[in-house]
Amino acid sequence: MADSLDPILPGATIGVLGSGQLGRMLALSARALGYRVHVYSPDADSPAGQVADREIVASYDDLDRVRAFARDVDVVTFEFENVPSATSHAAAEVARVRPDGDVLHVTQNRLREKTFLRDRAFPVTPFRRVASRADLAEAARDLGPFAVLKTAAFGYDGKGQQKLGPGSDLDAAFDALKGAEAIYEAFVDFVKEVSVVAARGVHGEFAAFPVFENAHSHHILDVTFAPAAIPADLAAEASSLAHGILDALEVVGLLTVEMFVTRYGRLVVNELAPRTHNSGHLTIDACVTSQFEQHVRAVCGLPLGATTQRSPAAMANLLGDVWIEAGGVPRWTDALSDPRLKLHLYGKAEARPGRKMGHLNATDATVEEAVARVRRGRDRARGS
Ligand code: AMP
């Protein structure tokens, strides 16, 4: 379907493919703006479905259901990028899809994504495609033994990744791929990880949030704070890299650029996520416009909102482990005894280790104080 650039005004219906917490917070923002929201995923009583006007429970492969879903809405968007290409194409036959399927296609696969970036001179670590034992041996010879071997498709939160070094058994590493296509990435000696969440509108207008600094634990995002503790010129460079990437991909909507800051103060792009991002959750309580509202504005062709941060802020993820450590229900009253803490829960029934159940946000006079607050609040929720 031809993509009309006319604004999709409040009162219209936004269709969301995917129904996790990103979809939930997107739906809440969309409703605040007066939109209706339909979500589509294989899961019932999903985080997004609970707060949407309609929850369609069907397989992404059921293309007739996908078309019927798309016909009922004014624009289709995504809350996670691993929706099959055939699904977004089927939706695009009958509705506007933003960002379009090409953006998804590039960002669903680490090899396509890194190749796209490298070919356009964006800074990425040297990498090689690995489809055979010989490829792996050659990559290790060419790029050196310090590397991360990742499956090319469907990876997130460090899943499908192996860290390699001089003593690594390459045969065993290859076997662990179980035949999946992989990417061998030279190890980046980084001092910190940052992300830029940015939006691009239907007319190419651009707005980035301040640079976020991210700390991980067991490969899962643990704490984000903003602004990042990096020099102003590096922050400006990060934002400008994001601008270039969103333009190159002709994104309409939000896209997150995850980057490493190397020991030598250089930026290296690690990964793109064509959507709202866990590191952007603090925008809900810290910025004039949240990342979720911004995505709605962008995909609906409304003017983008101000990304100005009102005060230093931090976010701590609440994983299922908090429930387990608390022996059932976390001690919310203890956590919220700090009146500056903002609790966001995703409506997930079952708390499993590593499962993202919610997050805590705080703003304060300094980033350090905001970080201390969210960490303290989480400790109290655990009962420690
Ligand atoms: P990813 O799934 O690509 O976001 O990677 C998950 C985590 O693994 C990153 O946040 C880094 O901490 C680490 N990592 C990934 N790729 C590299 C690399 N090329 N060099 C060093 N560390 C990496």
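What you see is a predicted model; the values in this text were computed from it and never measured. (Residues numbered from 1 in each chain as written. Predicted model: local features only at pLDDT ≥ 70, side-chain atom pairs only at ≥ 80, totals over all residues. Heavy atoms only, no water.)

### Some remarks on the nonpolar core
Proteins that are soluble and globular tend to have nonpolar side chains buried together.
For step 1, the next point in the chain: Counting 32 residues, the largest nonpolar core has Ile 245, Leu 255, Met 259 and Val 269 as the members making the most contacts within it.
For step 2, the next point in the chain: Among the elements that make up this core, the one with the highest residue count is helix 8 (residues 232-249) (seven residues).
For step 3, the next point in the chain: If you count residues domain by domain, this core takes at least three from each of domain 2 (126-186) and domain 3 (190-382).
For step 4, the next point in the chain: Setting aside residues no more than four positions away along its own chain, Ile 245 makes contact with Leu 117, Phe 122, Leu 255, Val 257, Val 269 and Leu 272. (Core = buried A, V, L, I, M, F, W, Y, C linked by side-chain atoms within 4.5 Å. Buried < 20%, exposed > 50% of the residue type's maximum accessible area, 1.4 Å probe, protein only. Helix = DSSP H or I, 4+ residues; strand = E, 2+ residues; numbered from the N terminus. Domains from an automatic or database assignment. Contact = heavy atoms within 4.5 Å.)

### Re the pattern of salt bridges
For step 1, the next point in the chain: One pass over the structure, following the stated rule, counts 25 salt bridges.
For step 2, the next point in the chain: Between Lys 192 and Glu 213 there is a salt bridge, and its shortest N-O distance comes to 3.2 Å. Taken as a pair, Lys 192 in strand 10 (residues 190-200) and Glu 213 in strand 12 (residues 212-217) lie far apart in primary sequence, 21 residues in all. One exposure class covers both Lys 192 and Glu 213, and it is buried. (Salt bridge = Lys/Arg side-chain N within 4 Å of Asp/Glu carboxyl O.)

### Re the site of the ligand
For step 1, the next point in the chain: In the neighbourhood of the ligand, 15 residues make up the surrounding shell, with Lys 150, Gln 161, Val 188, Glu 193 and Glu 271 lying closest.
For step 2, the next point in the chain: Taking Arg 110, its side chain carries an N or O atom lying 2.9 Å from an oxygen atom of the ligand.
For step 3, the next point in the chain: One of the side-chain N or O atoms of Lys 150 is found 2.8 Å from an oxygen atom in the ligand.
For step 4, the next point in the chain: When isolated, the ligand has an accessible area of 480 Å², and the protein chains bury 92% of it.
For step 5, the next point in the chain: Of all elements in the fold, only strand 7 (147-151), strand 9 (182-186), strand 10, strand 14 (253-262) and strand 15 (267-273) reach the threshold of two or more residues within the shell around the ligand. (Near = heavy atom within 4 Å. Polar contact = N/O pair within 3.5 Å; in protein donor to acceptor, adjacent residues only side chain to side chain. Areas by Shrake-Rupley, 256 points an atom, 1.4 Å probe, with all protein chains shown as cover.)

### Quick notes on the sheet that holds strand 1 (residues 13-17)
Think of a sheet as strands paired side by side through backbone hydrogen bonds, with each pair either parallel or antiparallel.
For step 1, the next point in the chain: Ordered by their spatial adjacency, five strands build an open sheet running 3-2-1-4-5, and the pairing between neighbours is parallel. Either end of the sheet is taken by a strand with one partner, and the two such strands are strand 3 (54-57) and strand 5 (96-97).
For step 2, the next point in the chain: Bridge count for strand 4 (residues 75-78) against strand 5 is two bridges, and the pairing is parallel. If you follow Val 76 over to strand 5, its bridge partner there is Val 97. (Pairing = 2+ DSSP bridges.)

### Let's talk about the domain arrangement of the protein
For step 1, the next point in the chain: When cut into domains, the protein gives domain 1 (13-97), domain 2 (126-186) and domain 3 (190-382).
For step 2, the next point in the chain: Across the contact, 18 residues belong to domain 1 and 21 residues belong to domain 3.
For step 3, the next point in the chain: Summed over the three residues of domain 1 that lose the most area to domain 3, namely Gln 21, Leu 22 and Met 25, the buried surface amounts to 32% of that side.
For step 4, the next point in the chain: Of the charged contacts, one joins Arg 275 and Glu 81 as a salt bridge, the two residues approaching to 2.6 Å between their closest N and O atoms.
For step 5, the next point in the chain: Run the count over domain 1 and domain 3 and you get six residue pairs in polar contact (both at pLDDT 80 or more).
For step 6, the next point in the chain: Among the elements that make up the side of domain 1 that touches domain 3, the one with the highest residue count is helix 1 (residues 21-32) (seven residues).
For step 7, the next point in the chain: A per-class count over the side of domain 1 that touches domain 3 returns 11 nonpolar, four polar and three charged. (Buried area = accessible area lost by both parts, 1.4 Å probe. Nonpolar A, V, L, I, M, F, W, Y, C, P; charged D, E, K, R; others polar.)

### Remarks on the sheet that holds strand 6 (residues 127-130)
For step 1, the next point in the chain: Reading across the sheet, the four strands line up as 6-9-7-8 and stay open at both edges, with antiparallel pairing between neighbours. Strand pairing shows two members of the sheet lacking a second neighbour, strand 6 and strand 8 (161-164), which therefore form its edges. Averaged over all pairs of adjacent strands, the angle between strand axes in this sheet comes to 20 degrees, irrespective of strand direction.
For step 2, the next point in the chain: Here strand 7 runs beside strand 9; their pairing, made up of five bridges, is antiparallel. (Axes fitted to C-alpha atoms, helices over the stretch in contact; angles between N-to-C directions.)

### Observations regarding the side chain of His 295
For step 1, the next point in the chain: Structurally, the position occupied by His 295 is in helix 10 (residues 291-299).
For step 2, the next point in the chain: In this structure His 295 comes out as buried when scored by relative accessible area, which is 2%.
For step 3, the next point in the chain: Leaving out residues up to four positions away in the same chain, His 295 has contacts with Leu 26, Thr 77, Phe 78, Pro 99, Gly 253, Leu 254 and Thr 276.

### Re unusual backbone geometry
For step 1, the next point in the chain: The step from Arg 98 to Pro 99 runs through a cis peptide bond, and the omega angle for that step is -10 degrees.
For step 2, the next point in the chain: Of note, Pro 99 is situated in the loop between strand 5 and helix 4 (101-107).
For step 3, the next point in the chain: Note that the residue after Ala 226, namely Pro 227, is joined by a cis bond; omega there is 0 degrees.
For step 4, the next point in the chain: If you trace the backbone, Pro 227 turns up in the loop between strand 13 (220-226) and helix 8.
For step 5, the next point in the chain: In this model, Asp 45 sits at a positive phi of 50 degrees, which is unusual for a non-glycine residue.
For step 6, the next point in the chain: Inspection of the secondary structure puts Asp 45 in the loop between strand 2 (36-41) and strand 3.
For step 7, the next point in the chain: At Ala 121, a residue that is not glycine, the phi angle is positive and equals roughly 70 degrees.
For step 8, the next point in the chain: Position of Ala 121 among the secondary structure elements: in the loop between helix 5 (110-119) and strand 6.
For step 9, the next point in the chain: Residue Ala 121 is classed as exposed on the basis of its relative accessible area of 68%.

### Re the packing of aromatic side chains
For step 1, the next point in the chain: Applying the stated criterion to the full structure yields five aromatic pairs.
For step 2, the next point in the chain: Aromatic pair Tyr 40 and Phe 69: ring centres 5.1 Å apart, planes at 55 degrees, arrangement tilted. You can see Tyr 40 sitting in strand 2 and its partner Phe 69 sitting in helix 2 (residues 63-71), a full 29 residues away along the chain. Of the two residues examined, Tyr 40 and Phe 69, each falls in the buried class.
For step 3, the next point in the chain: Taking 4.5 Å as the distance between ring centres and 15 degrees as the angle between the ring planes, the aromatic pair formed by Phe 190 and Phe 260 counts as stacked. Here Phe 190 is found in strand 10, whereas its partner Phe 260 is found in strand 14, with 70 residues between them in sequence.
For step 4, the next point in the chain: Owing to a relative accessible area of 32%, Phe 190 belongs among the partly exposed residues under this scheme. (Phe/Tyr/Trp six-rings, centres within 6.5 Å; stacked < 30°, edge-to-face > 60°.)

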